[in-house]
Amino acid sequence: MRRADRQITDDARIDGIIRACTCCRLGLCDEGQAYIVPLSFGFEHTDSGRFFYFHSAREGRKLDLLRRSPAVSFELDTGYQLHTAPTACGCSAGFQSVMGTGTVRFLTDGEERRHALLQLMRQLTGTDAWDFSDAALSQVCVLSLQVTSLTCKVHA
């Protein structure tokens, strides 16, 4: 990272920034072209690492690309604030961002899928007091992204 003075390495602070975000942008590759998809997400940090969870329709371009190559990049950000100045080049922005790479896996086990969707609902609503019927679970594709690398940057 070029600006080491803005880098965050504390796990609890990184997780807090992730939890403050509302959108995860997933970066995929489509025959040499970048393809970026904004997604609602769930998140958890366990002894096994950091995991993001996504849900999707059961078919589409994103899923086709993930089946071909499960290696992805991701980006989340929050707290954007423009800091104005008398000159254009004096303007700057405050923000918190997390970027990284990982591998996506299609979840097929019913309990894994429920767990992932609970994490997603917790991220969206602040509670995990949800129930998912088998019928509802069968209508959705559920994905898990295991983080392999991550950086976090904050500029006040």
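Draft legend 1. Seen up close, the overall build of the protein chain. Along the backbone of the protein chain there are four helices and seven strands. Going from N to C terminus, the protein chain has its helices and strands arranged as α-β-β-β-β-α-β-β-α-α-β. Relative to all contacts within the protein chain whose residues are 6 or more apart in sequence, the contacts with residues 24 or more apart total 69%. Of the roughly 8900 Å² of accessible surface on the protein chain, a fraction of 50% belongs to carbon and sulfur atoms. Of the side chains in the protein chain, 17 bear a positive and 18 a negative charge, and the two mean positions are spaced by 7 Å.

Draft legend 2. Highlighting the packing of aromatic side chains. The full count for this structure, using the stated rule, is four aromatic pairs. Note on phenylalanine 43 and phenylalanine 52: the rings are 5.2 Å apart at their centroids and 45° apart in plane angle, and the pair reads as tilted. Both residues of the pair, phenylalanine 43 and phenylalanine 52, count as buried. Relative to tyrosine 53, the ring of phenylalanine 51 has its centre 6.5 Å away and its plane inclined at 10°; by these criteria the two rings are stacked. Look at phenylalanine 51 and you get buried, because its relative accessible area is 13%. On the accessibility criterion, tyrosine 53 (7% relative accessible area) is buried.

Draft legend 3. How the structure looks around the pairing of strand β4 (residues 49–56). Counted residue by residue, β4 has seven buried out of eight residues, so it is predominantly covered. Connecting the antiparallel pair strand β3 (residues 42–46) and β4 is a turn made up of two residues. By the bridge criterion, six bridges tie β4 to strand β7 (residues 141–155) in an arrangement that is antiparallel. By the bridge assignment, phenylalanine 51 is partnered in β7 with glutamine 146.

Draft legend 4. The environment of glycine 79, seen in detail. Counting through the fold element by element, glycine 79 comes out in strand β5 (residues 71–83). A residue is classified by how much of its surface remains accessible, and glycine 79, at 44% relative accessible area, is partly exposed. Considering only alpha carbons, one finds glycine 79 and isoleucine 17, 62 residues apart in sequence, at a separation of 9.3 Å. Residue contacts for glycine 79: discarding those within four places in its chain leaves Gly94 and Phe95.

Draft legend 5. Examining the pattern of salt bridges more closely. Here the structure, examined in full by the defined rule, presents eleven salt bridges. In this structure, arginine 25 and glutamate 75 form a salt bridge, with 2.9 Å as the shortest nitrogen-oxygen distance. With arginine 25 in strand β1 (residues 24–30) and glutamate 75 in strand β5, the pair connects residues that are 50 residues apart, well separated along the chain. With relative accessibility at 30%, the residue arginine 25 sits in the partly exposed group. Close ionic contact of glutamate 112 with arginine 105 constitutes a salt bridge, the shortest N to O distance being 3.0 Å. The exposure class assigned to glutamate 112 is partly exposed, which follows from its relative accessible area of 30%. According to the relative accessible area criterion, arginine 105 is partly exposed, its value standing at 42%. Residues joined by salt bridges that share partners form a network here, namely Asp11, Asp15 and Arg50.

Definitions and cut-offs
- Residues numbered from 1 in each chain as written.
- Predicted model: local features only at pLDDT ≥ 70, side-chain atom pairs only at ≥ 80, totals over all residues.
- Heavy atoms only, no water.
- Helix = DSSP H or I, 4+ residues; strand = E, 2+ residues; numbered from the N terminus.
- Contact = heavy atoms within 4.5 Å.
- Areas by Shrake-Rupley, 256 points an atom, 1.4 Å probe, with all protein chains shown as cover.
- Lys, Arg positive; Asp, Glu negative; His and termini not counted.
- Charge placed at Lys NZ, Arg CZ, Asp CG, Glu CD.
- Phe/Tyr/Trp six-rings, centres within 6.5 Å; stacked < 30°, edge-to-face > 60°.
- Buried < 20%, exposed > 50% of the residue type's maximum accessible area, 1.4 Å probe, protein only.
- Pairing = 2+ DSSP bridges.
- Salt bridge = Lys/Arg side-chain N within 4 Å of Asp/Glu carboxyl O.

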